[in-house]
Amino acid sequence: MSAGRYELDGSRSFTLDGEDLPFQPGDSVLQAATRAGRYIPHLCWHPDFKAHGSCRICTVKVNGRSAAACTVQAAAGLDVESNTEELNAHRKTLLQMLFVEGNHFCPSCEKSGHCLLQATAYEMGMEGPHFEEFYPDRPVDASHPDILLDFNRCILCELCVRASRDVDGKNVFAIGGHGMGTRLLVNSASGRLADTDLALADRAAQVCPVGVILPKRRGFVVPIGQRRYDAKPVSEQVQDEGTP
Ligand code: SF4
Ligand code: FES
C-alpha cells in the first residue's frame, strides 16, 4: 500500500482502484492521488492553478458515477475507479478527437517528447487518430519578437488564460466562440500577439502543455530522444507534475 508522505487515517482516506489513499481537507481526488504518487490521466489540470474541469480526460467513477477527478472533492470512504478498460477507452477516444480537431504533426513539433497531449496519448495506447482529420486552416501568429503562437496545436486547456490573468496580471489570452468554433484568442485590438505586453518570462509564456506558445530562436535545444517523456512515461512522473 502506497500512502505517499502522509499517514493513512481511516477518517481521511478513500480508495483509488482498490488502494487506500490519504487526502487533506480541500483536496480534489486528483490532488490527493498526485500527492500519493498515483497517476490519473489529465490535460487541463495543473497543480499551480485552480481546476478548470474542461478536458474530461481525468474522468473517473466515484461510487459508480462519472466525475472529473480534478474537480470532485476527496471524501472519506469514496470508492474511486480510474485505471479501468472502460475509462481508458473513453480517454483514448477524447484524445483521438483532440488530435483530429487540430493539426498535430508531432515529428516536426518543438514540444515532441515534452508534450502532455502526446505523452498521454502514448499512455492510453493511442496508435492512430481513428477519426477523419479536420485539417483546419489556422495561421500561426509570428508577430511577437520573442514568442511564436501556433494555434494549430491548441487543446483549449485555458492554462495560459489562467496564468496570464491570475499570475501575470495581464490577461493576454482568452477563449472565445462556441462549440466547434471555440478558439484561443489574443486580447489586443489587432488580435496579434505583438500588440500585447506578453513577455518571455511570464508564466503564460511557459505553461502551455503542448506546442502552442513557444520561444523563438530556441528550437530543439534538447535533442529528440532525450526529452522528458522520452525518458519515462507520464504515469511514472507524477511527483514531477508542474515542473517544466
Ligand atoms: Fe492550453 Fe496552450 Fe491552448 Fe493556452 S495555448 S489554451 S495553454 S493548449
Ligand atoms: Fe480534469 Fe481536465 S484534468 S477535466
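The coordinates are above.
The notes below deal with the structure included here. (Residues numbered from 1 in each chain as written. Chains lettered and ligands numbered in written order. Predicted model: local features only at pLDDT ≥ 70, side-chain atom pairs only at ≥ 80, totals over all residues. Heavy atoms only, no water.)

Description of the sheet that holds strand S4 (residues 65–68)
One key point about sheets: their strands pair by backbone hydrogen bonds, in either a parallel or an antiparallel sense. Ordered by their spatial adjacency, five strands build an open sheet running S2-S1-S5-S3-S4, and the pairing between neighbours is mixed. Each edge of the open sheet is held by one strand with a lone partner, namely strand S2 (19–22) and S4. Across the sheet, the mean angle separating the axes of adjacent strands is 35° when strand polarity is ignored. Pairing between strand S3 (residues 59–62) and S4: four bridges, direction antiparallel. Its bridge partner being in S4, Val-62 is matched across the sheet by Arg-65. The strands touched by helix H2 (residues 85–101) within the sheet are S3 and strand S5 (79–81), with S3 carrying the most contacts at an inclination of about 155°. (Pairing = 2+ DSSP bridges. Helix = DSSP H or I, 4+ residues; strand = E, 2+ residues; numbered from the N terminus. Axes fitted to C-alpha atoms, helices over the stretch in contact; angles between N-to-C directions. Contact = heavy atoms within 4.5 Å.)

Description of the site of ligand 1
As a structural note, the neighbourhood of ligand 1 is formed by 13 residues, with Cys-154, Cys-157, Glu-158, Cys-160 and Cys-208 the closest of them. Residue composition of the shell around ligand 1, grouped by class: 12 nonpolar, no polar and one charged. (Near = heavy atom within 4 Å. Nonpolar A, V, L, I, M, F, W, Y, C, P; charged D, E, K, R; others polar.)

Considerations on the packing of aromatic side chains
Scanning all chains against the criterion turns up one aromatic pair. Between Phe-14 and Phe-23, the aromatic rings sit 6.2 Å apart at their centres with planes inclined by 45°, giving tilted as the arrangement. Relative accessible area serves as the criterion here: at 12%, Phe-23 is assigned to the buried category. (Phe/Tyr/Trp six-rings, centres within 6.5 Å; stacked < 30°, edge-to-face > 60°. Buried < 20%, exposed > 50% of the residue type's maximum accessible area, 1.4 Å probe, protein only.)

Concerning the pairing of strand S1 (residues 13–16)
Alignment of S1 against S2, held across four bridges, turns out to be antiparallel. Bridging across to S2, Ser-13 finds its partner in Pro-22. The hairpin formed by S1 and S2 contains two residues between the paired strands, and Asp-17 there has a positive phi angle of roughly 50°. Sheet analysis places S1 next to S5, joined by two bridges and oriented parallel. When the bridges of S5 are listed, Thr-15 appears paired with Asp-79.

Overview of the side chain of Asn-88
Following the sequence through the fold, Asn-88 ends up in helix H2. Leaving out residues up to four positions away in the same chain, Asn-88 has contacts with Ser-82, Asn-83 and Met-124.

Concerning unusual backbone geometry
At Arg-56, a residue that is not glycine, the phi angle is positive and equals roughly 65°. If you trace the backbone, Arg-56 turns up in the loop between helix H1 (29–35) and S3. Assessed through its relative accessible area of 38%, Arg-56 is described here as partly exposed. The phi torsion at Tyr-135 lies on the positive side, around 45°, for a residue other than glycine.

Considering the layout of surface pockets
Put simply, the second largest pocket is a space of about 320 Å³. Of the residues assigned to the lining of the second largest pocket, the class counts are eight nonpolar, five polar and two charged. (1 Å grid on protein atoms, 1.4 Å probe; cavity = no way out; pocket = protein on both sides within 12 Å on 5 of 7 lines; lining within 4 Å. Points joined across faces, edges and corners; volume = space filled by probe spheres on them.)

From the geometry alone we can't say anything about function, so treat these as descriptive.
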